[in-house]
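Here is how the chains run, residue by residue.
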Amino acid sequence: MSERTDHHLGHTGQTGRTDEGSARVLVGSDLDRTLIYSPRALALDMADELAPRLLAVEVQHGKPLSFMTERCAELLVQLIEVAEFVPVTTRTRAQYQRVHLPGPVPGWSPRYAVCANGGHLLVDGVTDQDWHARVQQLLADNCAPLDQIVHHLALAADPEWTLKRRVAEDLFAYLVVERELLPPGWTEELTGWADGHGYNVSLQGRKVYLVPQPLTKSAALAEVERRIGASTVLSAGDSLLDAELLLAADQGFRPGHGELADSGWTAPGVVALRETGVAAGGEVGRRRGPLVPPAGLAQLQQPPPQQPPPPPP
């Protein structure tokens, strides 16, 4: 990823991370449609009796909103014990704070989290204001004003297929659309316009994002890497906004669904998984295990333990 440092933190915090002088592994993962899944994205295309047991990890308005498989939750806990795990998401801080991932102890939460596509670096749940100020200056120097982007979206988005228009954290804009009603070529036309103003376009499910090109997940994760002195960086993601995150890591993982899979995108050092839907989340966790020293994480490659048969009557 970025240039490695030799600095190591001496404490272990709430995880089983190794002590000072040991190799430190940093794992940055996108959330939606990579690690956690809405009901629309689960892709449970097996017989009902074969469907995996699901764990709700997000609730909104009193209703479960996002899920992971029970096995994925087990793998994540094992990973957290030996690596610095960092959620890396385009979600706003408020949207991220609804997500409660499983951890090694009750009430666990990641020490670091990246929100708003890199616009906010949270440290113990609190925004790092120095990082945010650096991001704001970078965007002011290199991109068209957000107001101009919002105005263009208001003109380009037909109310017939636009459900919502939103601005996220005063950093980027997005639409919620009826995807099947989008006119042919509309996304490509918007992409060309946005590129000329320093923005990228990403179509994820029903959301169309316009994100400043310098606003990247990889830059924020590189800052975490610098702070903890990581020797190895692993990442996972499914969308166009995750491409640079995958490329910047020592090893990346891409589910078999999403923008990148749909376009056939591949790159050296990036594993393209076959699994789709919520099953891909478990496979990402399983594949990352053997890459994490020490060898204790080899258990992630093992199948779930079988219960012994009941004693004869």
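Structure first, text after, so check above.
First, a word on scope: everything that follows refers to the structure included in this document.

Observations concerning the overall build of the protein chain
Logical step 1: Within the protein chain one finds nine helices and 14 strands.
Logical step 2: Relative to its full complement of 313 residues, the protein chain shows a buried share of 47%.
Logical step 3: Nonlocal contacts in the protein chain, meaning residues at least 24 apart in sequence, comprise 61% of its contacts between residues at least 6 apart.
Logical step 4: Working note: accessible area of the protein chain is about 15,000 Å², and carbon and sulfur atoms make up 52% of it.

Focus: unusual backbone geometry
If a residue is not glycine, its phi is most likely negative; likewise, a peptide bond is most likely trans.
Logical step 1: Phi is positive for Arg 33, which is not a glycine, with a value near 65 degrees.
Logical step 2: On the secondary structure map, Arg 33 appears in the loop between β1 (25-29) and β2 (54-60).
Logical step 3: Within the chain, Asn 117 stands out as a residue other than glycine whose phi angle is a positive 60 degrees.
Logical step 4: Within the element layout of this structure, Asn 117 appears in the loop between β5 (112-115) and β6 (120-123).
Logical step 5: A residue is classified by how much of its surface remains accessible, and Asn 117, at 1% relative accessible area, is buried.

Considering the environment of Ser 231
Logical step 1: Counting through the fold element by element, Ser 231 comes out in the loop between α6 (217-228) and β12 (232-236).
Logical step 2: Residue classification places Ser 231 among the partly exposed residues on the basis of a relative accessible area of 33%.
Logical step 3: Considered as a pair, Ser 231 and Leu 26 are 205 residues apart in the sequence and their alpha carbons are 7.8 Å apart.

A look at helix α3 (residues 129-142)
Logical step 1: The end-to-end C-alpha distance of α3 is 20 Å, a good match for the 20 Å that 14 residues give at a rise of 1.5 Å each.
Logical step 2: Those residues of α3 that sit buried are Trp 131, His 132, Val 135 and Leu 139. Take α3 and look down its axis: the buried residues cluster within an arc of 95 degrees, on one side only. Residues of α3 that are exposed and point over 90 degrees away from its buried face: Gln 129, Asp 130, Ala 140 and Asp 141.
Logical step 3: On its buried face, α3 is in contact with β6, β7 (126-127), β11 (207-212) and α6.
Logical step 4: Between a side-chain oxygen at the N-terminus of α3 and the backbone nitrogen of Asp 130 the separation is 3.1 Å; the capping residue is Asp 128.

Considerations on the packing of aromatic side chains
Logical step 1: The tally for this structure, following the rule as stated, stands at three aromatic pairs.
Logical step 2: Seen from their ring centres, Phe 172 and Tyr 209 are 6.1 Å apart, and the 55 degrees between their planes marks the pair as tilted. Residue Phe 172 is found in strand β9 (residues 172-177), and its partner Tyr 209 is found in strand β11; the two are separated by 37 residues along the sequence. Judged on exposure class, the residue Phe 172 and its partner Tyr 209 are both buried.
Logical step 3: By the ring-pair criterion, three or more aromatic residues cluster together here, those being Phe 172, Tyr 174 and Tyr 209.

Definitions and limits used
- Going along each chain's sequence as written, the residues are numbered from 1 onward.
- The predicted origin of the model limits local features to residues at a pLDDT of at least 70 and limits the giving and counting of side-chain atom pairs to 80 or more, whereas totals for whole chains, interfaces and linings rest on all residues.
- Derived side-chain values reflect all non-hydrogen atoms in the structure, with water molecules and hydrogen atoms excluded from consideration.
- Numbering goes from the N terminus for both helices and strands, where a helix is a DSSP run of H or I of at least four residues and a strand is a run of E of at least two.
- We call a residue buried when its accessible area falls under 20% of the maximum for its residue type, exposed when it is over 50%, and partly exposed in between, using a 1.4 Å probe and counting protein chains only.
- We call two residues in contact when some of their heavy atoms are within 4.5 Å.
- Note on areas: these come from Shrake-Rupley sampling with a 1.4 Å probe, and a residue is covered only by the protein chains present in the view.
- Given the number of residues in a helix, its expected span is that number minus one, multiplied by 1.5 Å.
- Starting at the helix axis, one direction is taken to each C-beta atom, and the arc is that of these directions.
- For the purposes of these results, a polar contact is taken to be a pair of N or O atoms within 3.5 Å, where, inside protein, one atom must be able to donate a hydrogen and its partner to accept one; residues adjacent in sequence count only when each atom of the pair is a side-chain atom.
- Classification of ring pairs rests on two measures: the distance between centres of Phe, Tyr or Trp rings, Trp counted by its six-membered ring, which must be within 6.5 Å, and the angle between planes, read as stacked under 30 degrees, edge-to-face over 60 and tilted in between.

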